[in-house]
Amino acid sequence: MLVPGAVLPCRAMLASDFDYKLPEQLIANRPARPRSSSRLLEVAPDGIVRDRHMTDFPDLLNDDDLLVLNNTRVIPARLFGHKSSGGKVEVLVERVLDEHRVLAHVRAGKSPRVGSGLLLGEVGLPVNVLRRKEDLFELSFAGATPVLELLENYGHVPLPPYIERADNRSDRDDYQTLYAEHPGAVAAPTAGLHFDESLLERLNSRNIHTAFVTLHVGAGTFQPVRADRLDDHVMHAEFVQVDQAACDAVAAARIRGGRVVAVGTTVVRSLESAARAGELKPYCGDTQLFITPGYRFNVVDALLTNFHLPRSTLLMLVCAFAGYKAVMDAYRHAIEREYRFFSYGDAMFLRRGARQ
């Protein structure tokens, strides 16, 4: 459990090192309104924390800095229905493979058989179960209408499992960044949810440089690390694209002496995945990069992020970035000051700490 003065253990790290107890009332079920009214915890490299608000965020940036954002778009990836043979099913699309095929999680009293059919959505969309791939099923949607269009018409917003309510119409906007462009995520890059028009205008008026990457966040982002040892954890794969424009923007920031500021852990994973060889280059494909304390960062200098689930790979990444003790102490402070946690919760701003 998280305790004051937590220090990095002098042994191989365990998932339990990233556990903490969170009062249930601190889990945010609705977003702040306006978005930029969220609280912001600034964590300095020396571990000193300052209570701020997202409206202070532009003041924490320098004119030469580069702000990098994830422009993935959340799709209404959850469908309800039943098997052709009867029995309720819930489908959560993990990845769109092409215009008619998806990889999906299927929840049912009994797993569907390969070759069987499903009827999904209010109109009973016919879907065939093509094959099983470990915990996922490959499904094929019948008819000529592209699957993304079907999801937009009949799907539900895939709210995180800790938000214990049904999605509603407002979630279609609330669980989406204002700059979302490329559909494919089944979970929002939540650090970006704090940006509203007024905050983006302030950043623009400062001439803060920006660049975009794409990482389609998968449902695995909410899964705790179940292996005792971090070395035994198998990271889920997510699609990432870092194009030449983003690489050029990072290079330009380095030349002018600016920092690379990632908006969210997904941006960190995108940039660091594209720089695994030590040099940032364009990259398009899957990443299974698992960042834990001791990782050597090649690109990112500062990070805006939300407060993450216990034992999650995201919390481990943040500890790797800013230092285990500093981050765990910051979480204790946030709990004491009743910050709002997780996807619809508050944010923290961290600079890269000394390697621990």
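Everything below is about the structure shown above.
Quick caveat, the model's predicted, so the values are computed rather than measured. Per chain, residues are indexed from 1 in the order of the written sequence. With pLDDT at 70 or above as the cut-off, local features in this predicted model cover only qualifying residues; side-chain atom pairs require 80 or more to be listed or tallied, and sums for whole chains, interfaces and linings still use all residues. Side-chain measures here rest on the full set of heavy atoms in the structure, leaving out hydrogens and waters.

Undergrad: What am I meant to see in the overall build of the protein chain here?
TA: The helix count covers DSSP runs of H or I at least four residues long, the strand count covers runs of E at least two residues long, and both are numbered beginning at the N terminus. When its secondary structure is counted, the protein chain shows seven helices and 17 strands. The C-alpha atoms of the protein chain give 20 Å as radius of gyration, which agrees with the globular expectation for 356 residues (21 Å, within 12%). Using a 1.4 Å probe on the protein chains alone, a residue whose accessible area is under 20% of its type maximum counts as buried, one over 50% counts as exposed, and one in between counts as partly exposed. Counting every position in the protein chain, which comprises 356 residues, the buried fraction comes to 56%. It only takes one pair of heavy atoms within 4.5 Å for two residues to be counted as in contact. Expressed as a percentage of contacts within the protein chain between residues at least 6 apart in sequence, the contacts between residues at least 24 apart total 73%. Each accessible area is a Shrake-Rupley result for a 1.4 Å probe, and residues are judged covered by the shown protein chains and nothing else. If you sum the accessible surface of the protein chain, you get close to 15700 Å²; carbon and sulfur atoms cover 48% of it. Note on charges: Lys and Arg go in the positive column, Asp and Glu in the negative column, and His and the chain ends are not counted at all. Throughout, a charge is located at the NZ atom of Lys, the CZ atom of Arg, the CG atom of Asp or the CD atom of Glu. Averaging the positions of the 42 positive and the 44 negative side-chain charges in the protein chain gives two centres separated by 4 Å. Radius of gyration here is computed from C-alpha atoms only, and the compact-globule reference equals 2.2 Å multiplied by the residue count raised to the power 0.38.

Undergrad: What's the story with the pairing of strand β3 (residues 66-70) in this structure? I'm lost.
TA: The side chains of a regular strand alternate between both faces of the sheet. For β3, the buried fraction is high: five of the five residues fall into the buried class. The alternating pattern of β3 places Leu66, Val68 and Asn70 and Leu67 and Leu69 on opposite faces, both of which are buried. Any two strands with at least two DSSP bridges between them are considered paired. When β3 meets strand β12 (residues 209-215), the two strands line up parallel, connected through five bridges. Directly across from Leu67, in β12, lies its bridge partner Thr210. Here β3 pairs with strand β14 (residues 260-263) via three bridges, running parallel. Considered in β14, the bridge of Leu66 is made with Val260.

Undergrad: I tried to follow the nonpolar core on my own but got confused; where do I start?
TA: Generally speaking, soluble globular proteins have nonpolar side chains that are buried together. If you look at the biggest cluster of nonpolar residues, it comprises 77 residues, and the most contacted ones within it are Tyr175, Val242, Leu271, Leu280, Phe341 and Leu350. Setting aside chain neighbours within four positions, we find Leu280 in contact with Val242, Cys247, Val250, Leu271, Ala274, Ala275 and Val299. Residue types Ala, Val, Leu, Ile, Met, Phe, Trp, Tyr and Cys, when buried and joined through side-chain atoms within 4.5 Å, form a set referred to as a nonpolar core. Counting residues in each nonpolar core, the second largest holds 23 residues, with Ala77, Leu118, Leu120 and Val127 among its members.

Undergrad: Explain the pattern of salt bridges to me, please; I cannot follow it from the model alone.
TA: If the charged atoms of two oppositely charged side chains come close together, the side chains can form a pair. One side-chain nitrogen of Lys or Arg within 4 Å of one carboxyl oxygen of Asp or Glu is enough to make a salt bridge. The tally for this structure, following the rule as stated, stands at 25 salt bridges. Residue Asp19 pairs with Arg311 through a salt bridge whose shortest N-O separation is 3.9 Å. Within this pair, whereas Asp19 is found in the segment before β1 (39-43), its partner Arg311 is found in the loop between β16 (302-306) and α6 (313-322), the two being separated by 292 residues in sequence. Across the pair Asp301 and Arg254 runs a salt bridge, and its minimum N-O distance is 2.6 Å. Taken as a pair, Asp301 in the loop between β15 (283-287) and β16 and Arg254 in helix α4 (residues 244-256) lie far apart in primary sequence, 47 residues in all. The class for Arg254 is partly exposed, based on a relative accessible area of 36%. Beyond isolated ion pairs, a larger network of salt bridges with shared partners links Asp98, Arg101, Arg131, Lys133 and Glu138.

Undergrad: What is the right way to look at the layout of surface pockets in this model?
TA: Taking a probe equal in size to a water molecule and rolling it over the atoms shows the remaining empty space. For each structure, a 1 Å grid was placed over the protein atoms alone; sets of points admitting a 1.4 Å probe that cannot get out are labelled cavities, open sets with protein on both sides within 12 Å along at least five of seven lines are labelled pockets, and lining residues have an atom within 4 Å of a point. Grid points are joined across faces, edges and corners, and a volume is the space filled by probe spheres set on the points. Approximately 1300 Å³ is the volume attributed to the largest pocket. Lining the largest pocket are 44 residues, and of these Glu94, His105, Ala219, Gly220 and Gln223 sit closest to its centre. Counting only elements with at least two residues in the lining of the largest pocket, the list comes to β5 (78-83), β6 (88-96), β7 (101-108), β9 (125-133) and β10 (136-141). Of the residues forming the lining of the largest pocket, the biggest block, five residues, is contributed by β6. Amino acids are sorted into nonpolar (Ala, Val, Leu, Ile, Met, Phe, Trp, Tyr, Cys and Pro), charged (Asp, Glu, Lys and Arg) and polar (every other residue, Gly among them). Here the residues of the lining of the largest pocket are counted per class, giving 22 nonpolar, nine polar and 13 charged. When its volume is computed, the second largest pocket comes out at roughly 200 Å³. Together, Leu79, Phe80, Gly121, Glu122, Asn153, Tyr154, Gly155, His156, Asp167, Asn168, Arg169 and Arg172 line the second largest pocket.

Undergrad: In this structure, what is going on with unusual backbone geometry? I would like to understand it.
TA: Glycine aside, negative phi is the norm for most residues, and most peptide bonds take the trans geometry. For the bond from Arg33 to Pro34, the omega torsion is -5°, close enough to zero to count as cis. Within the secondary structure layout, Pro34 lies in the segment before β1. Look at Glu134: it is not a glycine, yet its phi comes out positive at around 55°. Structurally, Glu134 can be placed in the loop between β9 and β10. Its identity is not glycine, yet Arg311 carries a phi of approximately 60°, on the positive side.

Undergrad: How should the sheet that holds strand β13 (residues 238-242) be read in this particular structure?
TA: The strands making up a sheet associate through hydrogen bonds between their backbones, and the pairing can be parallel or antiparallel. The mixed open sheet is built from nine strands, whose spatial order is β2-β1-β17-β16-β14-β3-β12-β13-β15. Edge positions in the open sheet fall to β2 (49-53) and β15, since each of these has one partner strand only. Averaged over all pairs of adjacent strands, the angle between strand axes in this sheet comes to 25°, irrespective of strand direction. Axis definition: a line fitted to C-alpha atoms, over the contacting stretch in the case of helices. Angles run 0 to 180 degrees between N-to-C directions.

Undergrad: Mind showing me how you'd approach empty space enclosed by the protein here?
TA: On inspection of all chains with the given rule, the structure shows three cavities of 30 Å³ or more. Taken as a whole, the largest cavity holds about 270 Å³ of empty space. In terms of lining residues, the largest cavity is bounded by 27 residues, among which Thr190, Thr221, Thr265, His308 and Leu314 are the most central. At the level of elements, α5 (265-273), β16 and α6 are the ones that each hand at least two residues to the lining of the largest cavity.

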